[in-house]
Amino acid sequence: PSFGKPSYGKSSYGKPSGPRKPAAPAQPGARKLALKVLLDVHENGAYAALSLNKNLPRDLKPEERRLTTQLVYGTLENEVKIDHALNQLTEYPARDAVTRDALRMGVFQILFLERVPDSAAVDESVKLVKTMGMEASAGFVNAVLRNLIRQKDELSWPDAEKDPEEWLHVESSAPLWLVKKLIEAYGFDTAKQMLTYREASHPTTVRPNLLKLDDHGFEDLLRKKNLSFRAGVAPHAYLLEGVTEPGFDPDYQAGLYSIQSSMLAAEAVQAKPGMKILDACAAPGGKSAYLCEVMQLTGRVYAWELHEKRALLLDGVRRRLGLDNLRTAVKDACEYRPDMEKTLDAVLLDAPCSGTGVLSQKPDIKLRLKESDLPAIVETQKKLLNTVCRYVRPGGLLVYSTCSVLPEENKAQIEAFLKEHPEYTTEPMPLSFPAELRQQQDGLGLQLLGFRDQVEGFYIVRLRRNY
């Protein structure tokens with residue numbers, strides 16, 4: 001299932017920043033489900049989207065599902081700002097995880113969800129800790145949240161002019177080290193837009209199975225389903241509004257269409273019938289599938305995945321879509337295979353990365369990612385590049401992509417690669433990319449920014465092997 005995130009947020013303290021959806025009315029169980037997911041994220045290191053998929057019952061009412069999702073993502077997306085407020089409301093923090101996350105969720109509702117009455121936010125939070133077996137915390141939760149209601153207009157916030165880094169850290173709830181890195185790389189104004197950008201809506205990106213439907217046929221199918229859709233940026237991409245579980249749709253299960261992001265990385269390969277292509281870090285399989293379909297089941301797409309459980313996703317995609325030219329395997333793409341030297345027409349390396357380009361879709365990354373993680377990430381990317389580049393035949397193409405906005409993973413990584421590999425040169429994005437995106441190229445690839453380009457923050461570079 002794909003969970004859309006509703007809009008919310010404030011661009012400056014106490015002032016609404018843009019369009020926001022009315023909060024869904026409280027439904028029995030929604031807040032308890034949301035708290036369960038938040039605890040899973042904070043205590044177990046779970047990914048929010050996967051925890052939602054695991055914990056939300058299939059028969060949950062749509063309005064209850066929307067509220068649960070809104071509470072989870074909203075609390076995570078604004079956690080630093082919420083904690084900054086909480087620190088002013090109590091002399092000591094909550095002593096247990098349940099009380100702490102219930103308080104955070106209550107603060108989120110009071111500060112950000114204008115359609116939820118303050119009194120309801122307090123009452124529901126008190127009920128929540130009681131249902132979780134924390135009756136002793138009920139009075140504490142009640143006192144803190146009622147104190148917030150009385151004092152929310154007097155809360156103290158960092159001064160944007162005197163300390164812009166601290167202001168942006170709290171305003172965006174991004175870690176301070178990331179704020180500093182983005183300001184250094186892009187300047188304060190752009191960093192601010194990157195970190196505070198929130199989509200007005202969160203549509204689900206889908207595309208037809210090109211073996212079974214063309215764009216017109218897919219549009220007819222969507223109309224028959226009475227779905228609201230519009231064309232996306234990538235070729236064959238469509239954005240669906242108000243859809244929360246397309247994975248349960250019989251037409252999806254029958255292989256008529258796929259849920260997919262990062263299509264542009266696969267499009268950059270410009271696959272042609274008969275090619276031999278490696279997707280080196282392939283799970284969950286959307287890009288491999290796109291390549292197979294464009295090639296009309298000719299040639300071969302080798303899809304490698306390091307982790308066996310994720311490789312099972314590739315097999316599921318192959319079966320669901322009928323991809324007879326897809327060959328999946330559990331392999332470490334860092335390990336060199338001499339038999340593949342100069343044998344492939346193209347390699348797609350959508351490398352493991354920091355995920356800093358998709359913070360608005362996955363706000364829990366802001367809580368998980370540490371600055372100390374970056375050197376290992378960059379080193380893994382380098383190893384992957386230096387290994388898989390050897391498989392491309394002269395005249396073939398290597399496409400490198402990440403969902404990061406950090407220069408050390410993108411532009412600096414490619415600059416270092418080209419110094420070590422003079423046999424490669426960069427070339428522009430294909431004409432199938434929208435002109436407004438191609439204009440953003442700088443000679444060393446294309447850095448997409450969500451606030452500017454209305455897509456995920458991907459980096460893509462095409463590298464042609466000349467000899």
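Whatever comes next refers back to the structure up there.
Because the structure is predicted, anything quoted here is derived from the model rather than measured. (Residues numbered from 1 in each chain as written. Predicted model: local features only at pLDDT ≥ 70, side-chain atom pairs only at ≥ 80, totals over all residues. Heavy atoms only, no water.)

**Re the overall build of the chain**
- When you go through the chain residue by residue, the secondary structure sums to 20 helices and 14 strands.
- Projecting the C-alpha coordinates of the chain onto the three principal axes gives extents of approximately 70 × 50 × 40 Å.
- The buried share of the chain, taken over its 467 residues, is 52%.
- In the chain, once contacts between residues fewer than 6 apart in sequence are set aside, the share between residues at least 24 apart is 73%.
- Averaging the locations of the 62 positively and 62 negatively charged side chains of the chain gives two centres separated by 3 Å. (Helix = DSSP H or I, 4+ residues; strand = E, 2+ residues; numbered from the N terminus. Buried < 20%, exposed > 50% of the residue type's maximum accessible area, 1.4 Å probe, protein only. Contact = heavy atoms within 4.5 Å. Lys, Arg positive; Asp, Glu negative; His and termini not counted. Charge placed at Lys NZ, Arg CZ, Asp CG, Glu CD.)

**Let's talk about the environment of Gly357**
- In this fold, Gly357 is placed in the loop between β10 (344-350) and α16 (365-368).
- Considered as a pair, Gly357 and Thr402 are 45 residues apart in the sequence and their alpha carbons are 8.4 Å apart.
- With sequence-adjacent residues up to four places away left out, Gly357 is seen in contact with Cys403, Ser404, Val405, Glu456 and Gly457.

**Details of helix α8 (residues 164-172)**
- Inspection of α8 places Trp167, Leu168, His169, Val170, Glu171 and Ser172 among the buried residues, and these make up the whole buried set.
- Looking one or two residues past α8, Ser173 carries a phi angle of roughly 60°, positive in sign.

**Concerning the packing of aromatic side chains**
- All chains considered together, the criterion is met by 9 aromatic pairs.
- Their ring planes at 15° and their centres at 5.4 Å tell us that Tyr92 and Phe140 sit as a pair that is stacked. Placement of the pair is Tyr92 in the loop between α4 (79-86) and α5 (97-112) and Phe140 in helix α7 (residues 138-151), with a sequence separation of 48 residues.
- You can call Phe140 buried: its relative accessible area is 18%.
- Their ring planes at 25° and their centres at 5.5 Å tell us that Phe108 and Phe112 sit as a pair that is stacked. Here Phe108 and its partner Phe112 are both found in helix α5, 4 residues apart, which amounts to about one turn of the helix.
- We classify Phe108 as buried; its relative accessible area is 0%.
- Owing to a relative accessible area of 2%, Phe112 belongs among the buried residues under this scheme.
- An aromatic cluster of three or more residues is present, and its members are Phe218, Phe229, Tyr238, Tyr252 and Tyr257.
- Across the ring face of Phe248, the terminal group of Arg58 is positioned such that the distance to the ring centre comes to 3.8 Å.
- The ring centre of Tyr336 lies 3.8 Å from the NZ or CZ of Arg390, which sits over that ring. (Phe/Tyr/Trp six-rings, centres within 6.5 Å; stacked < 30°, edge-to-face > 60°. Lys NZ or Arg CZ within 6 Å of the ring centre and 35° of its normal.)

**Side note on the nonpolar core**
- Grouped together as the largest cluster of nonpolar side chains are 61 residues, with contacts concentrated most on Leu178, Leu182, Leu195, Ile277, Leu291 and Ile460.
- The greatest single-element share of this core, amounting to 5 residues, is contributed by helix α9 (residues 176-186).
- Those residues within four positions of Leu182 in sequence are excluded, and the remaining contacts are Gly187, Ala191, Met194, Leu195, Val405 and Leu406.
- The next biggest cluster of nonpolar side chains, apart from the first, holds 46 residues, and it includes Val107, Ala121, Val122 and Phe140. (Core = buried A, V, L, I, M, F, W, Y, C linked by side-chain atoms within 4.5 Å.)

**Quick word on the environment of Ala234**
- The topology assignment puts Ala234 in the loop between β4 (228-231) and β5 (238-241).
- Between the C-alpha atom of Ala234 and that of Gln193, which follows or precedes it by 41 residues, the distance is 23 Å.
- Non-local contacts of Ala234, meaning those with residues more than four positions away in its chain, are made with Met263 and Leu264.

**Brief notes about the sheet that holds β4**
- Strand order in the open sheet formed by 4 strands is β4-β5-β3-β6, with antiparallel pairing between adjacent strands. In the strand order of this sheet, the two ends are held by β4 and β6 (257-259), each with one partner. When the angles between neighbouring strand axes are averaged without regard to direction, this sheet yields 35°.
- When β4 meets β5, the two strands line up antiparallel, connected through 4 bridges. In the sheet register, Arg230 faces β5, and the bridge partner there is Leu239. (Pairing = 2+ DSSP bridges. Axes fitted to C-alpha atoms, helices over the stretch in contact; angles between N-to-C directions.)

**Quick word on the pairing of β5**
- Two elements, strand β3 (residues 204-208) and β5, share 3 bridges in a ladder whose sense is antiparallel. The residue of β5 that forms the bridge with Thr204 is Leu240.

**Side note on the pattern of salt bridges**
- Inspection of every chain in the model, using the stated rule, returns 28 salt bridges.
- The salt bridge involving Arg223 is made with Glu219; its shortest N-O contact spans 3.6 Å. Linking Arg223 with Glu219, this pair stays in helix α11 (residues 215-224), spanning 4 residues, or about one helical turn.
- The class for Arg223 is partly exposed, based on a relative accessible area of 46%.
- When its relative accessible area of 18% is taken as the criterion, Glu219 is described as buried.
- For Arg230, the salt bridge identified is with Glu241, shortest N-O distance 2.7 Å. Taken together, the residues span a long stretch of sequence, with Arg230 in strand β4 and Glu241 in strand β5 at a distance of 11 residues.
- Residue class for Glu241 comes out partly exposed when judged on its relative accessible area of 24%.
- Each member of the salt-bridge network shares a partner with another, and the members are Glu79, Asp83, Asp101 and Arg104. (Salt bridge = Lys/Arg side-chain N within 4 Å of Asp/Glu carboxyl O.)

**A short note on the packing of α5 against α7**
- Viewed as axis vectors pointing N to C, α5 and α7 meet at an angle of 25°, and their least axial separation amounts to 10 Å. Taken together, the axes of α5 and α7 lie roughly parallel to each other. Crossing of α5 over α7 shows right-handed handedness. From α5, Thr99, Leu103, Gly106, Val107, Ile110 and Leu111 reach across to α7, where they touch Phe140, Val141, Val144, Leu145, Leu148 and Ile149.
- Considering only residue class, the contact of α5 with α7 consists of 10 nonpolar, 2 polar and no charged. (Parallel < 35°, antiparallel > 145°, perpendicular 65-115°, else oblique. Left-handed = near helix turned anticlockwise from the far one by under 90°. Nonpolar A, V, L, I, M, F, W, Y, C, P; charged D, E, K, R; others polar.)

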